[in-house]
Amino acid sequence: MENNIIPYEDIKSSSLKIIELLREFGYIIIRYPAITEMITHYRFSMINFMSLSEDERMTCTPEDFDRRGWSYGKEIFNGKTDSKKGSYYAFLDNNGDDVAENIWPSELCSPGLQSEPSDQISNLENFKENILELSKTITVVQKEILKTIGYNLESYNTTLRMLYYGKVLEDDYLENNYWCGLHKDHSYLTGLIPDLYIKNNNQIEKVDNSGLFIRGISVTIPEDCLAFQVGETLELASNGAVSATEHYVKKALGCERITLAIFLSPESDYVIPENKVENDRYINGMTYGQFANASFKKYYS
Ligand SMILES: [Fe+2]
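Not measured: the values here are computed from a predicted model. (Residues numbered from 1 in each chain as written. Predicted model: local features only at pLDDT ≥ 70, side-chain atom pairs only at ≥ 80, totals over all residues.)

Let us look at the environment of Phe 25. If you trace the backbone, Phe 25 turns up in helix α1 (residues 15-25). With 15 residues separating them in the primary sequence, Phe 25 and Thr 40 have C-alpha atoms 27 Å apart. Other than its neighbours up to four places away in sequence, Phe 25 contacts Asn 4 and Ile 214. (Helix = DSSP H or I, 4+ residues; strand = E, 2+ residues; numbered from the N terminus. Contact = placed C-beta atoms within 7 Å.)

See below:
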């Protein structure tokens, strides 16, 4: 869908086109060749992380887990535990830097392994740097898109969600053929990288009829591109000028999948402007923090 692609350097001059594409398709694709190498580094880090034992990975799960650090098969989505979804959450501050509450593998995995370092762990030393570099770059693109369509953010929050979807066996597939069910994100704008499929430890081409579907249509993000979809807060704040993007992710039998979602949102105390959008959680005068909590409650409990 070449018409849906905007080169990174053209964002500033494409405000009408961006709004049109978001209205027509629910997402835009930005071609940004410089991101390809960063994506490769990130994928490499995630593959290394996933090659650790679950006990080692669990050292990145805080006791008070609340969408922070690593979790696998714990999240409840639409009332059902998603046994095949692994999420690793981290946050960036307003300058795009690491924040104190983040948990990174090298800090927690390394101490117990100092006497016997493994290649896997040494490769993970760059995990934090790789994810921060990629996420900061995606955040810059997100801010440029928002600025172009009239939202010049002075303060914002960035949530990184590193996603690993576990290998799908036949029983899983028959029971539930979604890695992630139908929903809308609730932030301003979600940035996505091209997804990586793995089968029997080998990278493979995307499997037909699997992966991301936006408004019911399969979406493939080219390798040198990023995709951006609209969250409910942008729909509310724009009084419906753009609609939040309904999407889901379908499983691929026998495969694993790695991707990354970057959620750019207002600060918690931002009051969402009064609007006429119909939304089952929004109440006039609500802050973004209150809206986000209501959304987590809806989808994750
Ligand atoms: Fe989503």
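Here the narrative resumes.
Spatial strand order, β8-β15-β12-β13: four strands in an open sheet with antiparallel pairing. Each edge of the open sheet carries a strand with a single partner, namely β8 (178-183) and β13 (217-218). Relative to β13, strand β12 (residues 211-214) runs antiparallel, the two sharing two bridges. In the strand pairing of β13, Phe 213 is matched with Ser 218. (Pairing = 2+ DSSP bridges.)

In this section: the pairing of strand β9 (residues 189-192). In β9, alternate side chains face the same way, and those of Leu 189 and Gly 191 on one face and Thr 190 and Leu 192 on the other are all buried. The pairing of β9 with strand β14 (residues 225-230) spans four bridges and is antiparallel. Looking at β14, one finds that Gly 191 is bridged to Phe 228. Pairing of β9 with strand β16 (residues 256-265), which is carried by four bridges, proceeds in the antiparallel orientation. Bridge pairing in β16 places Gly 191 opposite Ile 262. (Buried ≥ 20, exposed ≤ 12 C-beta atoms within 10 Å, placed from the backbone.)

Now for the nonpolar core. Membership of the largest hydrophobic core comes to 68 residues, with the highest contact counts inside it found for Ile 28, Ile 30, Leu 226, Ala 227 and Phe 228. The greatest single-element share of this core, amounting to six residues, is contributed by helix α6 (residues 127-148). Those residues in contact with Ile 30, other than ones at most four positions away along the chain, are Ile 6, Tyr 8, Ile 11, Val 141, Cys 225, Leu 226 and Phe 228. (Core = buried A, V, L, I, M, F, W, Y, C linked by C-beta atoms within 7 Å.)

One can describe the packing of helix α2 (residues 35-50) onto α6 by two numbers: an axis separation of 9 Å at closest approach and a directional angle of 140°. By the angle between their axes, α2 is oblique relative to α6. Note that α2 runs across α6; the crossing there is left-handed. Only Phe 127, Asn 130, Ile 131, Glu 133, Leu 134 and Thr 137 of α6 make contact with α2, whose side of the interface consists of Ile 35, Met 38, Ile 39, His 41, Tyr 42, Ser 45 and Phe 49. Taken together, the residues of the contact of α2 with α6 sort by class into eight nonpolar, four polar and one charged. (Axes fitted to C-alpha atoms, helices over the stretch in contact; angles between N-to-C directions. Parallel < 35°, antiparallel > 145°, perpendicular 65-115°, else oblique. Left-handed = near helix turned anticlockwise from the far one by under 90°. Nonpolar A, V, L, I, M, F, W, Y, C, P; charged D, E, K, R; others polar.)

Moving on, we get to α1. Here α1 has its buried residues at Ile 18, Leu 21 and Leu 22. With its buried residues spanning 100° around the axis, α1 presents them on a single face. Residues of α1 that are exposed and point more than 90 degrees away from the buried face comprise Leu 16, Glu 20, Arg 23 and Glu 24. Elements that come into contact with the buried residues of α1 comprise β1 (5-7), β2 (27-31), α6 and β14. (Arc of directions from axis to C-beta.)

Notably, Asn 200 is not glycine yet its phi reads approximately 50°, a positive angle. For Asn 200, the position within the fold is in the loop between β10 (196-199) and β11 (202-204). Residue Asn 200 is classed as exposed on the basis of its 9 C-beta neighbours within 10 Å. Here Asn 239, not a glycine, exhibits a phi torsion of approximately 55°, which is positive. Considering the arrangement of structural elements, one finds Asn 239 in the loop between α8 (232-237) and β15 (247-250).

No statement about biological role is implied by the geometric values presented.
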